[in-house]
Amino acid sequence: MAHGVNPTKNQGGKFLPRIQETLDGWRKNDPPCKKELPVEADVPEWLVDKALEMGSDEKDLATADLIQLAFYYLLRVGEYTSKSSTQEPLSRAQQTQPFRMRDVAFFGWSKSRGRIFRLPQTASDDEILNSKCVTLRLDNQKNGWKNVCINHEHNGDPVHCGTRAIARRYISIRRHTNNMDTPLYTYFDNGDKRYITDKDIRAAVKNAATALDYQNTRGIPLSHINTHSLRIGGACALALAGYDDVQIMKMGRWRGATFQEYIRENLSNYSEGMSTKMKEVHGFVQIDSGAFTNVTDHCCDIKNDYNSYRSVAAAA
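First things first, this report covers the structure right here in the doc. (Residues numbered from 1 in each chain as written. Predicted model: local features only at pLDDT ≥ 70, side-chain atom pairs only at ≥ 80, totals over all residues. Heavy atoms only, no water.)

## Remarks on the overall build of the chain
- Check the secondary structure of the chain and you find 12 helices and 6 strands.
- Put simply, the chain has 316 residues, and 36% of those count as buried.
- Relative to all contacts within the chain whose residues are 6 or more apart in sequence, the contacts with residues 24 or more apart total 66%.
- As presented, the chain carries roughly 19,600 Å² of accessible surface, and 52% of it is formed by carbon and sulfur atoms. (Helix = DSSP H or I, 4+ residues; strand = E, 2+ residues; numbered from the N terminus. Buried < 20%, exposed > 50% of the residue type's maximum accessible area, 1.4 Å probe, protein only. Contact = heavy atoms within 4.5 Å. Areas by Shrake-Rupley, 256 points an atom, 1.4 Å probe, with all protein chains shown as cover.)

## Side note on the pairing of strand β2 (residues 115-118)
- Judged from the 4 bridges that link them, strand β1 (residues 104-110) and β2 form a sheet pairing that is antiparallel. Considered in β2, the bridge of S110 is made with R115.
- What sits between the antiparallel neighbours β1 and β2 is a turn of 4 residues, in which G114 has the positive phi angle 70 degrees. (Pairing = 2+ DSSP bridges.)

## Comments concerning the nonpolar core
- Judged by nonpolar contacts, the single largest core of 62 residues is most densely connected at Y73, F106, L136 and L230.
- The biggest single contributor to this core is helix α3 (residues 58-73), with 10 residues.
- Those residues in contact with Y73 that sit more than four places away from it in its chain are V134, L136, I150, N151, H152, G162, T163, I166, M251 and R253. (Core = buried A, V, L, I, M, F, W, Y, C linked by side-chain atoms within 4.5 Å.)

## Examining the packing of helix α8 (residues 228-240) against helix α9 (residues 245-252)
- Close contact between α8 and α9 brings their axes to 10 Å; oriented N to C, the two are set at 155 degrees. Taken together, the axes of α8 and α9 are roughly antiparallel relative to one another. In this structure, α8 crosses over α9, and the sense of that crossing is right-handed. Contacts between α8 and α9 pair R231, A235, L238 and A239 from the former with I248, M251 and G252 from the latter.
- In terms of residue class, the contact of α8 with α9 is made up of 5 nonpolar, 1 polar and 1 charged. (Axes fitted to C-alpha atoms, helices over the stretch in contact; angles between N-to-C directions. Parallel < 35°, antiparallel > 145°, perpendicular 65-115°, else oblique. Left-handed = near helix turned anticlockwise from the far one by under 90°. Nonpolar A, V, L, I, M, F, W, Y, C, P; charged D, E, K, R; others polar.)

## Looking at the packing of α3 against helix α5 (residues 162-174)
- Here α3 crosses α5 at 140 degrees, and the two axes come no closer than 8 Å. What the angle tells us is that α3 and α5 run oblique. When the axes of α3 and α5 are compared, the crossing they make is left-handed. Of α5, the residues touching α3 (which contributes E58, A62, D65, L66, Q68, L69, Y72 and Y73) are G162, T163, A165, I166, R168, R169 and S172.
- Here the contact of α3 with α5 is built from residues that sort into 7 nonpolar, 4 polar and 4 charged.

## As for α5
- If you check α5, its first and last C-alpha atoms are 18 Å apart, about what 13 residues at 1.5 Å a residue would give, namely 18 Å.
- The buried fraction of α5 amounts to 12 of the 13 residues, a majority that puts the element mostly inside the structure. (Expected span 1.5 Å × (residues − 1).)

## So, the pairing of strand β5 (residues 186-189)
- Bridge count for β5 against strand β6 (residues 192-195) is 4 bridges, and the pairing is antiparallel. Residue F188 lies in a different strand from β6, and its bridge partner there is K193.
- What sits between β5 and β6 in their antiparallel hairpin is a turn of 2 residues, with N190 showing a positive phi close to 55 degrees.

## Considering the side chain of S110
- In this fold, S110 is placed in strand β1.
- One polar contact links the side chain of S110 to the main-chain amide nitrogen of R113, over a distance of 3.2 Å.
- Those residues in contact with S110 that sit more than four places away from it in its chain are R115 and F117. (Polar contact = N/O pair within 3.5 Å; in protein donor to acceptor, adjacent residues only side chain to side chain.)

## A word on the packing of aromatic side chains
- This model, assessed by the stated rule, comprises 3 aromatic pairs.
- Ring geometry for F106 against Y170: centres 5.0 Å apart, planes inclined by 80 degrees, an arrangement best described as edge-to-face. Here F106, found in strand β1, pairs with Y170, found in helix α5; they are 64 residues apart in sequence, far enough to count as distant. Like F106, the residue Y170 is buried in the burial classification.
- Seen from their ring centres, Y185 and Y195 are 5.6 Å apart, and the 85 degrees between their planes marks the pair as edge-to-face. Placement of the pair is Y185 in the loop between α5 and β5 and Y195 in strand β6, with a sequence separation of 10 residues. (Phe/Tyr/Trp six-rings, centres within 6.5 Å; stacked < 30°, edge-to-face > 60°.)

This is the structure we're talking about:
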């Protein structure tokens, strides 16, 4: 293999027959994969509402905002959570680098210029909370793409919006530190720095799905709901809203067609209206039918129709 020759494959690049037979046999015996299923925007909205009701619990507020952020920006769990709730994360411990304060850019709207403009990092809380759109820059990620930016506009809801969730995180952290390398998953408990973990996100998502009765009203067992359900849910929401593959791929930062694995074809909306359209009779004729059978005598009076066609053609 070091010399460019793979002993497991033939000259055509295919596995040797015995190896292929072995792989095929294993594939037949593999159990079906247990796919995680999507959640909708009502899950982060329920969590944000509950956290705002509690008011004083910074951990619940941070968790809810990060979940809302993950849904709208189609984030991987490693991009917005820590492995430990107390230990300082290592800057290069993993390939995917979580979002930091410096990775956030807020944009306002200039009426005079008719375009957006970037707000300074020292912008007031009110300016940040009323930003037109917010961009996240990812230093590095799982698939090797670096310095990728994703942007979202404010959706019109003052609370339940991905941009507003980022603004609340940014303002909360800025009240305690000026260190722009502080990750967005940071919160402060009585002045002590703490971090939101993937376990916190998993527990909160399952809690919301339980409260919203996803198992009985959506047919989605809680065992199939996890942190990845937010990324899957965001992709499905874009697909159901009519956005094309390129737009979904760019928002989720996929480099190829793997994003299609996230679009769950077993959602009821994908077949909505199909049976009605399939009932329509379009009256088509197979144009290569002359190679198999002549349908002309059954479709028309060939002499009269042909003469009519010649008259129309001559007049033209």
